[in-house]
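Each chain is listed here by its residues.
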Amino acid sequence: MIDNFLAGTYALFGDPVTIGIFLFGVIGGMLFGAIPGVSMLTLAAILLPFTAGLEPAQGVMLFAVLYCTGTYGGAITAILFNIPGSPENAPTSFDGYPMTQQGKAGKAVGAAVLCSAIGGVSSALVMMAATEPLANWAIRNIGPPEIFALVFFGLAVASSVGARTIWKGWMSVLIGLLIATIGQDPVGGINRYNFGYIDLAAGIAFVPAILGFFAVSEIFVQAEKKATGKYNAPKVSMSFPSFLELWRHKLAVLRSILVGFFCGILPGIGATLAAFMGYGEAVRWSKNKDEFGKGKLEGVISSETANNAATGAAMIPLLALGLPGGALTAMMVAVFQMHDLQPGPLVFMLSPDLIWIVFAAMFWANLSILIIGVIETKTILNLLKIPFQFLAPLILMLATVGAYSGRGLVLDVMVMFIAGILGYVLRRSGFSIPGIVLGLILGKIGEQNFAQGMQMVHYDLGTYFSRPICTILIVAGVLTLGTSAYRAFASHKKPV
Amino acid sequence: MNKLFGTTLVSMLFTAGTSYAAECVRPEASFDKPGGFPERALTMVVPYGPAGGSGQVAAAMAEAVTELTGVAINRDHKPGGSGTVGMTAYMASPADGYNVLEHIDDASSAHALDSSMPNPASDLIPLVTSQVTFSQIYIRTNETRYTDWPSFVEWVKAQDGKATIANVSKEGSMERVTMRFITEATGMTIQQISFDKGAPRYGALLGGQVDALFEQPGDVRNFLDAGQFKPILTIFDERPDVFAETPTHREMGMDFDPLLRFRGFFVHADAPADRVEWLKWAFQRGYCEDSYQAFNESKFMTVIDSYRDTEGSQELITQTIGQYRDVYKAMGLDVK
């Protein structure tokens, strides 16, 4: 393995053109990942036709690098402005933005940079060591019932994040789940809650909803403070987290690597579920659950480690089995095909050089997040010095462009503003915005897999529980729900 | 054995794959621009995401037309609602010839179910149909419980409704309708598991989560090349050369007209006629470009005749709508 890795590294950095493509991917991924609406997918779609003119290894490597750095890029705007660049960065803003408001933006961004690199590098190392056996294990043991159980397990802790009471936390998750049911049902294709409006048949898109709930509602909150004279500009702090601070979170990092890797390896799931599950597990295992959603460093660490840990893992089913884990890896299939190659078992036999250049590039791309991220952060933190009256319209404009550009639908802009108003009202009432977003994103994934799972077990719940992984996760989720309800009663928290 | 199957199949593909690719039915190498049209980039509305089959065919055709004419084409992806979101957005766009649409047979089945939805053959003008393909039933190559169609049917019947097949079985879809034909003809009961994305669908068969897969050959070509999947039934009237060893549904005693999957390009019916003529030439000739032919070959789209001009497309669409409408009525669906 080491020989192959060194050979891949030599091939990567031994050719000036390949180095140029690598650097372009690193910087392009970070930039496009950071701008809401124009994610790494946008850049990848633009670049796709041009990869035909590249060597096969260069083309595939470029997309792999974009995937690593683009997944990290959205963390910066999530932390500084409450605008996640893409859904997989949404949990980062749960605690990252409150940290910015508390004058700890440097710590949050520093932790995101370091943990993205750690998550990505770890994932790349496991990918190099065990691609084929892991891919085969995953497809044989994890089907729709297990994915649903995983989502249920993740949702069980979502009520603990950011709400004034546990009951409002649960209500928040249920609101998210309800929003997730808008549009065609994922199995039968039957329209629900679209009121005859065809654009709603596609459901509520994640990006506009996230932009509304986070960015727009935050602008309303800050504007209210400004108007009532309670506004305090966030302090700009360049202090990065100390080694000791990060060392204290070593277990959270390790847990998120495992969670992120597990989610990434599942075909069709990818980094979004990884980030939410990583965050959820941090909450589950914490002694101070109430601190999440209010500026806890562990929240940023967990989601950013997990989403980057999913990048290397997502390459495993792609390269070993030809199964892409998401839109970007699906585009990588097209890059392979443009060069008369097919990802899957044969590519290991027919093009081992290509595989090891890609592996090496992903390893170095994740490491480069550390170097370029630190330099970038020192510059970008200064954006916080812009006065609110100038920053707010800029954020609103960026968010509007981001909401519209995904599908080119005015509906998405409307959804963003409605979510913004709803988010503002619900926040004032003590509901949890992270809970709603968790419900929305995990709800869509969970419902689809639940329905598919029920079809697979012929609508017999008993058969559902005959699958060991599924049973363990569901029982653990029920226990979590029961424990949180018991704690709420025991501490005499009254339902509101 | 797996590798042998894969290698043999690949070599057969390259032999047979060019059968329908060689001749270009649109002879004019150039076509005068009517009144300077187009003076700017065209917009192509694609009702699906960039990474799927539609996204890829849209990219390949846009590249071919741009190579041919020098006119840029911006792709505007509007996924969702089984193509209805993109169709609605397209119908609301100006009918000036600058806006074209990519769509698949879903548009025909949607109109068959609800006639208020646009009829692609009359409310739009088909510029070209550039992909036509058939479906097959696949099993794992290393499957031992059944090895061919007769043994599969026998095994499914013995499972008393517990056997499973992965497809996209949304209400009224081509997959669900075809599976209805098959189950009625064979008397077997099989649970259809609907996966809307390809990767989990193929992973479900590879990992043994389901017993069989309903799919088109181009979408699973890498699994066929790798010797992981094996077709046991071709749902087409004759055996394509590439799948000479796989029986057709008619040979297996199922007497129904196969529903085809097709993808093509359209323009508003009320777009200026001279512009429509230029667009017809550009897209029909684009089909002949080397880059597009290479793309189609990589997708198994040269196994049967994938090309239909405007009239051919209208005929295909009209016939398809009639087929779906009859089936929907027979299924008891509310045909409007």
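Up top you'll find the structure we're talking about.
The rules behind these values
Residues numbered from 1 in each chain as written. Chains lettered and ligands numbered in written order. Predicted model: local features only at pLDDT ≥ 70, side-chain atom pairs only at ≥ 80, totals over all residues. Helix = DSSP H or I, 4+ residues; strand = E, 2+ residues; numbered from the N terminus. Rg over C-alpha atoms; globule rule 2.2 N^0.38 Å. Buried ≥ 20, exposed ≤ 12 C-beta atoms within 10 Å, placed from the backbone. Contact = placed C-beta atoms within 7 Å. Axes fitted to C-alpha atoms, helices over the stretch in contact; angles between N-to-C directions. Parallel < 35°, antiparallel > 145°, perpendicular 65-115°, else oblique. Left-handed = near helix turned anticlockwise from the far one by under 90°. Nonpolar A, V, L, I, M, F, W, Y, C, P; charged D, E, K, R; others polar. Pairing = 2+ DSSP bridges. Core = buried A, V, L, I, M, F, W, Y, C linked by C-beta atoms within 7 Å.

1. Structural notes on the overall build of chain A
Thinking step 1. Scanning chain A from N- to C-terminus turns up 21 helices and 0 strands.
Thinking step 2. Relative to the globule expectation of 23 Å for 496 residues, the C-alpha radius of gyration of chain A, 22 Å, shows essentially globular dimensions.
Thinking step 3. Taking the principal axes of the C-alpha coordinates as reference, chain A spans close to 65 × 60 × 50 Å.
Thinking step 4. The buried share among the 496 residues of chain A stands at 61%.
Thinking step 5. Taking the intrachain contacts of chain A between residues at least 6 apart in sequence as the baseline, contacts between residues at least 24 apart amount to 79%.

2. Remarks on the packing of helix H7 (residues 144-155) of chain A against helix H21 (residues 468-490) of chain A
Residue and element names in this part refer to chain A.
Thinking step 1. Where H7 meets H21, the closest approach of the two axes is 8 Å, and the angle between their N-to-C directions is 15 degrees. By the angle between their directions, the pair H7 and H21 is classed as roughly parallel. Judged by the twist between their axes, the crossing of H7 over H21 is left-handed. Here Pro145, Glu146, Ala149, Leu150, Phe152 and Phe153 of H7 lie close against H21, whose contacting residues are Ile469, Cys470, Leu473, Ile474, Ala476 and Gly477.
Thinking step 2. Split into classes, the residues belonging to the contact of H7 with H21 amount to 10 nonpolar, 1 polar and 1 charged.

3. Some remarks on the sheet that holds strand E1 (residues 42-46) of chain B
Residues and elements named next belong to chain B.
Thinking step 1. A sheet is described by the order of its strands in space; here 5 strands give the open sequence E2-E1-E3-E10-E4, paired in mixed fashion. In this open sheet, the two strands that pair with only one neighbour each are strand E2 (73-77) and strand E4 (124-133). Direction aside, neighbouring strands of the sheet carry axes that sit 20 degrees apart on average.
Thinking step 2. The sheet contact formed by strand E3 (residues 99-104) and strand E10 (residues 261-268) spans 5 bridges and is antiparallel. In the sheet register, Leu101 faces E10, and the bridge partner there is Phe266.
Thinking step 3. Taken strand by strand, helix H11 (residues 310-331) contacts E4 and E10, and its axis lies near 75 degrees from that of E4.

4. Topic: the nonpolar core
Thinking step 1. Ranked by internal contacts, the top residues of the largest apolar core, which has 260 residues, are Met61, Phe63, Ala64, Ile79 and Ala361 of chain A.
Thinking step 2. One finds Phe243, Phe300, Met301 and Val303 of chain B within the second-largest nonpolar core, a separate group that totals 5 residues.

5. Section: unusual backbone geometry
All names here are of chain B.
Thinking step 1. Of note, the amide linkage connecting Phe37 to Pro38 takes the cis form, showing an omega dihedral of -5 degrees.
Thinking step 2. Locating Pro38 in the fold gives a position in the loop between helix H1 (2-16) and E1.
Thinking step 3. Of note in this structure, Asp160 is not a glycine but carries a positive phi near 55 degrees.
Thinking step 4. Inspection of the secondary structure puts Asp160 in the loop between helix H5 (149-158) and strand E6 (164-167).
Thinking step 5. Of note, Phe300 is a non-glycine position whose phi angle comes to about 65 degrees, a positive value.
Thinking step 6. Here Phe300 lies in the loop between helix H10 (290-298) and H11.
Thinking step 7. Here Phe300 falls in the buried class, since 24 other C-beta atoms lie within 10 Å of it.

6. Details of the interface of chain A and chain B
Thinking step 1. Facing 42 residues of chain A, the contacting portion of chain B comprises 39 residues.
Thinking step 2. Where the side of chain A that touches chain B is concerned, the elements lending two or more residues are helix H6 (105-141), helix H13 (297-321), helix H14 (327-338), helix H15 (345-350) and helix H19 (433-456) of chain A.
Thinking step 3. For the side of chain A that touches chain B, the element with the most residues is H14 of chain A, which contributes 5 residues.
Thinking step 4. Here the side of chain A that touches chain B is composed, by residue class, of 24 nonpolar, 15 polar and 3 charged.

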